[in-house]
Every structure is written in C-alpha cells, then in structure tokens.
Amino acid sequence: MIRDAKQHAGLTHCQARSQEKLDFHLNMSVAAVNLLRLLAQKAECSIRTYRREAYNRLLIRQLFSKLGLSAEYDRTDQRVQAVVRTGRMAV
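Note on numbering: residues in each chain are counted from 1, in written sequence order. Local features in a predicted model are, by the rule used here, given only for residues with pLDDT of at least 70; side-chain atom pairs are given and counted only at 80 or more, and totals for whole chains, interfaces and linings are based on all residues. To obtain the side-chain values, all non-hydrogen atoms of the structure were included, while hydrogens and water were left out.

**Student:** Is there a simple way to think about the overall build of the protein chain in this case?
**Tutor:** By definition, any uninterrupted DSSP run of H or I lasting at least four residues is a helix, any uninterrupted run of E lasting at least two residues is a strand, and each is numbered from the N terminus. Per the secondary structure count, the protein chain includes four helices and zero strands. The helix and strand sequence of the protein chain, counted from the amino end, reads α-α-α-α. A radius of gyration in this sense is built from C-alpha atoms; the matching globule rule multiplies 2.2 Å by the number of residues raised to 0.38. For 91 residues, the compact-globule formula gives about 12 Å, and the C-alpha radius of gyration of the protein chain, at 16 Å, lies well above that figure. Counting only C-alpha atoms, the protein chain reaches 50 × 35 × 20 Å along its principal axes. Classification of the 91 residues of the protein chain by burial places 23% in the buried group. Here, two residues are considered to be in contact whenever any of their heavy atoms come within 4.5 Å of each other. A sequence separation of at least 24 residues applies to 47% of the contacts in the protein chain between residues at least 6 apart. Split by element, the accessible area of the protein chain, about 7,200 Å² in all, is 55% carbon and sulfur. Burial classification: accessible surface area is computed with a 1.4 Å probe over protein chains only, and a residue below 20% of its type maximum counts as buried, one above 50% as exposed, and the rest as partly exposed. To measure how exposed things are, a 1.4 Å probe is used in the Shrake-Rupley method; for residues, cover is taken only from the protein chains shown.

Okay, here's the thing in structure tokens:
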C-alpha cells in the first residue's frame, strides 16, 4: 500500500510540517490508492495502466479543445481507443 502511494499518489510530495497536515496527506494518498485499485480492478488492468489511460484521455480532451474540435469525440472509435491504449502493458 505504501509503495503504491509513493508511486501513484504522491505520498512523498508533501512539504507540510504540522502533524495534522501530514496525517491528512497520508490519508488522502492512501484513499487515492484504494480508489485507483478499485477503478483499475473494474477496468481489469493494473494501477499504472489505468493511470496512463486516464492521462491519455485527459490529453485527448485538451488537444481537441485547443484545436477547436468538438469535445464530444466518439469513445468507441478504434482510432481514439488506440491512442488511449498507447503505452498499455501486454498481459
């Protein structure tokens, strides 16, 4: 759990000094890992793969927005899905 929090949820990025803020940061990092695990399990992939695909979807939305294209792209289009799956680890 702690390893995943360090790798995926920014556990080591806190610069707070008070105990309450450190506790809050630890709790939010662990909660984020639990949520990522749940979402990755639902998507039947690893946490790393889920994070990468979520980032790719965000990047596609921003790219479409900057180019003035419709923000509503066809999520079932194989070309879009190929871009979303870029970097997916083979199972």
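**Student:** Would you mind showing me how to read the nonpolar core here?
**Tutor:** For our purposes a nonpolar core is just a set of buried Ala, Val, Leu, Ile, Met, Phe, Trp, Tyr and Cys residues, chained together by side-chain atoms within 4.5 Å. In terms of nonpolar packing, the biggest core is built from five residues, these being L36, A40, C45, I47 and Y50. Sorting the residues of this core by element identifies α2 (19-42) and α3 (47-66) as the ones contributing at least two each. Among all residues touching A40, those that are not within four sequence positions of it are C45, S46, I47 and Y50.

**Student:** Help me understand a nonpolar patch on the surface in this model?
**Tutor:** A contiguous nonpolar surface patch, about 260 Å² in accessible area, is contributed by L35, L38 and L39. Mapped onto the elements, L38 comes out in helix α2. Residues qualify for a patch when their relative accessible area is over 30% and they have no salt bridge, like charges being joined within 9 Å and the nonpolar side chains of Val, Leu, Ile, Met, Phe, Trp and Tyr within 5 Å. The salt bridge definition used is simple: a Lys or Arg side-chain nitrogen within 4 Å of an Asp or Glu carboxyl oxygen.

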